[in-house]
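# Observations on the model geometry
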Amino acid sequence: MDQAEEILVIAPTLPDRVHWLVSDTDRARSAADERLSTVLGHLEEMGHEAKGAVGADDPLLAFADAVEEFHPDHILIALRGPDAAGWQERGLVEKILGQFGMPVTVFVTGS
């Protein structure tokens, strides 16, 4: 990120399957707001200015929306660790690589 001119952070809502199926995503949206605030706060502490938004509940759609709006030249993805990963994260990296055709860096968080 030292070379990034602009940084856009997208936090998908990531509801569990049951809440997603019944379109009850309020709790997931609140959690996404918290994740977004945390990441933006960390970036600010590191001296990086960034903007952000809560994205769609489908991570691939959230990435597509962000790529269309922001036109990045690199995607950085933070995934939850295997014990906390949700169903939406399975196969996500491969789908992003196939759909967007740009450099992708992935790291796994502790939670």
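Structure report, in brief. (Residues numbered from 1 in each chain as written. Predicted model: local features only at pLDDT ≥ 70, side-chain atom pairs only at ≥ 80, totals over all residues. Heavy atoms only, no water.)

A word on the nonpolar core. Burial of nonpolar side chains together is a common tendency in soluble globular proteins. L60, F63, A64, V67, I75, I77, L79, L92, V93, I96, F100 and M102 form the largest nonpolar core, which has 12 residues in total. Going through the elements one at a time, α3 (59-70), β3 (75-79) and α4 (92-100) are the ones with two or more residues in this core. Sequence-distant contacts of V93, that is, excluding residues within four places in its chain, are made with I77, L79 and V106. Judged by nonpolar contacts, the second largest core, of 7 residues, contains V9, L36, L43 and V54. (Core = buried A, V, L, I, M, F, W, Y, C linked by side-chain atoms within 4.5 Å. Buried < 20%, exposed > 50% of the residue type's maximum accessible area, 1.4 Å probe, protein only. Helix = DSSP H or I, 4+ residues; strand = E, 2+ residues; numbered from the N terminus. Contact = heavy atoms within 4.5 Å.)

Next up on the list: the side chain of T13. Relative to the helices and strands, T13 is located in the loop between β1 (8-12) and α1 (17-21). Judged by its relative accessible area of 5%, T13 is buried. Polar side-chain contacts of T13 include one of 3.4 Å to the backbone nitrogen of D57. Leaving out residues up to four positions away in the same chain, T13 has contacts with A28, R29, A32, R35, V54, G55, A56 and D57. (Polar contact = N/O pair within 3.5 Å; in protein donor to acceptor, adjacent residues only side chain to side chain.)

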